[in-house]
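# Examining the three-dimensional arrangement
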Amino acid sequence: MPSIYDAIKEDHDEHRTLLNTIADTEGDSAERRDAWDRFYNDVKSHAAAEEETFYSKLMSETWGQDHARHSVHEHQQLDDLMEELRETDMSSSAWLTRFKKLKHDYEHHMDEEEDELFTRAKKVIGEEQNEEFGDKFLKRKEKEAKLIEEKREDSLED
């Protein structure tokens, strides 16, 4: 079972790969659409699981409250951008402009979590709880992924 930090970092690495794949593609291609769909769904489930398992624990410490709130606020801003991108034609220059902003902002967010937040969080989620929180994170992420898929299927039926 991975630690909470390894589980989050593994997702971040996959998200970076998908962001680069999307950036390296053009127009409304099958490759871009596939990478975007995978990115969108995984980031949504990742963020929800992170907020519920990781950030909620950090909120128990005074110093962690501001950091967790900041990260949750960034999640909301990124989510808004992703929803905007879903509604925009992938082959338009507007889509590419907004995607570049999303890529920049999300890479900054991931770097900030890994470089700053993880170090401080280890005082709250120590080595003895790493795997327990990693397991909680992965289970919650899986549950969120199912909810996202159900919502997508419902929207296709409408």
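Residues numbered from 1 in each chain as written. Predicted model: local features only at pLDDT ≥ 70, side-chain atom pairs only at ≥ 80, totals over all residues. Heavy atoms only, no water.

## So, the overall build of the protein chain
Per the secondary structure count, the protein chain includes 5 helices and 0 strands. Going from N to C terminus, the protein chain has its helices and strands arranged as α-α-α-α-α. For 158 residues, the compact-globule estimate of 2.2 N^0.38 gives 15 Å, and the protein chain sits close to it at 16 Å. Its C-alpha atoms give the protein chain principal-axis dimensions of roughly 45 × 30 × 25 Å. Going through the 158 residues of the protein chain one by one, you find that 39% of them count as buried. On the protein chain, roughly 9000 Å² of surface is accessible, and the fraction owed to carbon and sulfur atoms is 45%. Averaging the locations of the 24 positively and 45 negatively charged side chains of the protein chain gives two centres separated by 2 Å. (Helix = DSSP H or I, 4+ residues; strand = E, 2+ residues; numbered from the N terminus. Rg over C-alpha atoms; globule rule 2.2 N^0.38 Å. Buried < 20%, exposed > 50% of the residue type's maximum accessible area, 1.4 Å probe, protein only. Areas by Shrake-Rupley, 256 points an atom, 1.4 Å probe, with all protein chains shown as cover. Lys, Arg positive; Asp, Glu negative; His and termini not counted. Charge placed at Lys NZ, Arg CZ, Asp CG, Glu CD.)

## Considerations on the packing of helix α2 (residues 30-58) against helix α4 (residues 93-121)
Their axes nearest at 13 Å, the elements α2 and α4 cross at an angle of 30°. The angle between α2 and α4 falls in the class roughly parallel. Once α2 is placed against α4, the crossing between them reads as left-handed. Packed against α2, whose contacting residues are Arg32, Trp36, Phe39, Val43, His46, Glu50, Phe54, Tyr55 and Leu58, the element α4 presents Trp95, Leu96, Leu102, Tyr106, His109, Glu113, Leu117, Phe118 and Ala121 at the interface. Residues that form the contact of α2 with α4 fall into these classes: 13 nonpolar, 2 polar and 3 charged. (Axes fitted to C-alpha atoms, helices over the stretch in contact; angles between N-to-C directions. Parallel < 35°, antiparallel > 145°, perpendicular 65-115°, else oblique. Left-handed = near helix turned anticlockwise from the far one by under 90°. Contact = heavy atoms within 4.5 Å. Nonpolar A, V, L, I, M, F, W, Y, C, P; charged D, E, K, R; others polar.)

## Digging into α4
For an α-helix, 3.6 residues make a turn, and residues three or four places apart therefore share a direction. Along its 29 residues, α4 runs 40 Å from first to last C-alpha, staying within 8% of the 42 Å computed at 1.5 Å per residue. Residue Glu113 marks the point of greatest curvature in α4, where the axis turns by about 35°. (Expected span 1.5 Å × (residues − 1). Bend = angle between axes of the 7 residues up to and from the residue.)

## Some points on the confidence of the model for the protein chain
Mean pLDDT over the protein chain works out to 92, with 97% of the residues at or above the 70 mark. When mean pLDDT is taken per element in the protein chain, helix α1 (residues 4-24) scores highest with 97 and helix α5 (residues 130-157) scores lowest with 87. (pLDDT = per-residue confidence, 0-100.)

## A closer look at α1
Its 21 residues place the ends of α1 30 Å apart at the C-alpha level, agreeing with the 30 Å of an ideal helix rising 1.5 Å per residue. Ile4, Tyr5, Ala7, Ile8, Asp11, His12, His15, Arg16, Leu18, Leu19 and Ile22 are the residues of α1 that are buried.

## Thoughts on the packing of aromatic side chains
The full count for this structure, using the stated rule, is 9 aromatic pairs. Pairing Tyr5 with Phe54 gives two aromatic rings, centres 6.0 Å apart and planes at 85°, and the pair type is edge-to-face. Taken as a pair, Tyr5 in helix α1 and Phe54 in helix α2 lie far apart in primary sequence, 49 residues in all. Look at Tyr5 and you get buried, because its relative accessible area is 5%. (Phe/Tyr/Trp six-rings, centres within 6.5 Å; stacked < 30°, edge-to-face > 60°.)

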